[in-house]
Amino acid sequence: MTLEQLHALFLEHPHISTDTRKIAENSIFFALKGDNFNGNAFATEALDKGTAYAVIDEAEFYVDERTILVDHVLETLQQLATYHRKHCKAKVISLTGSNGKTTTKELIYAVISKKYKTIATQGNLNNHIGVPLTLLSIQEDTEMAIVEMGANHQGEIAMLSNIAQPDFGYITNFGKAHLEGFGGVEGVIKGKSELYQFLMANNRYIFMNADDPIQREKLNGYAKKMGFSTEDHQFYNTQLVQADPFVTLKVEDVEIQTQLIGKYNFSNCCAAILMGKYFNVPLTYVKSALESYQPQNNRSQILTKNGFKIVLDAYNANPTSMRAALENFSGMQETQKTVIIGDMFELGETAAEEHQSIADLVQELGFESAYLVGENFFGTQTPLPKYRTFEDLKAHLSSHPLSKGTLLIKGSRGMALERVLDLL
């Protein structure tokens, strides 16, 4: 079966299934493989549950004419996504970066969807499977598609760019994330910049934070770009009014009061405003979109529970985002501030150094109380209370409850520090 013929079938059955536990009736099932499973083995089950076709790459699992045998299921999914992306009229905006990708994606969606029929990456489905699935959610009448791209190794952003073929692109920042896979900070810069390389090689448009010296250097001399800046008036001017705790900013003498905490969210908002400007979304719509957006999924959420005011930022963490969160929390005009922070993952040989640096920062900022959780923090040299496991922290807090006040909770996803809420 040719790619064109497969795409024709997809247009008749425009839903993709990859998990037999969540089969969409009349969909096309792609039998993907993982470290611990072989999707081919589930083709019969998928067909029995109502999928229209099953795409497999092992002949022994062929069932009948509803089974489509290909050389490689994942590659076929990716090729189909690119074919479909070119078939549809939607303009594609791709974004990547070390921190703030998902929040920025949601802010851009909030702004752009005020004027255009828009789709965006769901959750953080931003890898070699998630990007194709996002592209295949583009419909005939979709005008804009916002595609988040994540990576933890060099070459991945280049691959995802070739799949998505973006018309526009934006990099949030270059931080200390996935240092183990990228091979250090320089590796992060090189890996994330693969999006710039694709866009420049294909004469596509780039949005940029003109106050980021790395972006200025990388894009120096490239004409098809538009940036925002708090200082350089050759770019779109944005001003941070305050961030205590919520970000308030001003553009074109219009003040926008968001429900996002932290100075680190200022540039995320500016990116969405900049794209609204480029795509002629009225500033009144932009203001409405940003002011009504509420963070979710443990990302910079402000909650209250049992007398505590909680800054919950436990979705993920790396040295750059951890430092920004701690410094922002330190600057908040709150009393009785407590921090509970958990290990940062994927730092490779720099893990000990980076965790020690964060432990030193916590001590330097002088919070009323602080708790460090995880193997890496447990290994730091610090007088601060530290616990090897979450269970150790839980045992301590059961006999020494936290004092009422304001609490920052932040750690990598694997630490699942949102569990602290159950201890309050």
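Quick caveat: nothing in here was measured; it's all calculated off a predicted structure. (Residues numbered from 1 in each chain as written. Predicted model: local features only at pLDDT ≥ 70, side-chain atom pairs only at ≥ 80, totals over all residues. Heavy atoms only, no water.)

## A few points about the sheet that holds strand 1 (residues 16-17)
Then step 1. Pairing within the open sheet is parallel, and its four strands lie in the order 1-2-3-4. One side of each edge strand has no neighbouring strand; the edge strands of this open sheet are strand 1 and strand 4 (67-69).
Then step 2. The sheet contact formed by strand 2 (residues 28-30) and strand 3 (residues 53-56) spans three bridges and is parallel. Its bridge partner lying in strand 3, Phe29 is registered against Ala54.
Then step 3. Packed on one face of the sheet, helix 1 (residues 3-12) meets strand 1, strand 2, strand 3 and strand 4 and runs near 125° to strand 2. (Pairing = 2+ DSSP bridges. Helix = DSSP H or I, 4+ residues; strand = E, 2+ residues; numbered from the N terminus. Contact = heavy atoms within 4.5 Å. Axes fitted to C-alpha atoms, helices over the stretch in contact; angles between N-to-C directions.)

## Section: the sheet that holds strand 8 (residues 168-171)
Then step 1. Strand order across the open sheet formed by seven strands is 6-7-5-8-9-10-11, with parallel pairing between neighbours. Strands with a single pairing partner mark the edges of an open sheet, and in this sheet they are strand 6 (118-120) and strand 11 (236-237).
Then step 2. Here three bridges tie strand 6 to strand 7 (residues 144-148), and the two strands are oriented parallel to one another. Bridge pairing in strand 7 links Ile119 to Ala145.
Then step 3. Helix 11 (residues 266-278) rests against strand 5 (91-96), strand 8, strand 9 (205-209), strand 10 (225-229) and strand 11 of the sheet, and its axis sits at about 135° to strand 10.

## Concerning helix 3 (residues 73-87)
Then step 1. For helix 3, spanning 15 residues, the distance from its first C-alpha to its last is 21 Å, which sits close to the expected 21 Å at 1.5 Å a residue.
Then step 2. Taken together, the buried positions of helix 3 are Val73, Thr76, Leu77, Gln78, Leu80, Ala81, Thr82, His84 and Arg85. (Expected span 1.5 Å × (residues − 1). Buried < 20%, exposed > 50% of the residue type's maximum accessible area, 1.4 Å probe, protein only.)

## What about the side chain of Gln301?
Then step 1. You can see Gln301 is positioned in strand 15 (residues 301-305).
Then step 2. Residues within four places of Gln301 in sequence aside, it is in contact with Pro295, Gln296, Ile310, Val311 and Leu312.

## A few points about the nonpolar core
Then step 1. Leu326 and Val362 are the most contacted members of the largest nonpolar core, which has 67 residues in total.
Then step 2. For this core, the element with the highest residue contribution is helix 14 (residues 351-365), accounting for five residues.
Then step 3. Excluding residues that lie within four positions of it along the chain, Val362 makes contacts with Leu326, Val339, Ile341, Phe367, Ala370 and Leu384.
Then step 4. Ile146, Leu249, Ile256 and Leu290 belong to the second largest nonpolar core, which has 39 residues in total. (Core = buried A, V, L, I, M, F, W, Y, C linked by side-chain atoms within 4.5 Å.)

## Remarks on unusual backbone geometry
Then step 1. Note that the residue after Asp244, namely Pro245, is joined by a cis bond; omega there is -5°.
Then step 2. The topology assignment puts Pro245 in the loop between strand 12 (239-243) and strand 13 (246-251).
Then step 3. Despite not being glycine, Asn26 has its phi angle at roughly 70°, a positive value.
Then step 4. For Asn26, the location among the structural elements is in the loop between strand 1 and strand 2.
Then step 5. Here the phi dihedral of Asn280 falls at roughly 60°; this positive angle occurs in a residue that is not glycine.
Then step 6. With respect to the element layout, Asn280 can be found in the loop between helix 11 and helix 12 (283-292).
Then step 7. Exposure remark for Asn280: the relative accessible area of 55% places this residue in the exposed category.

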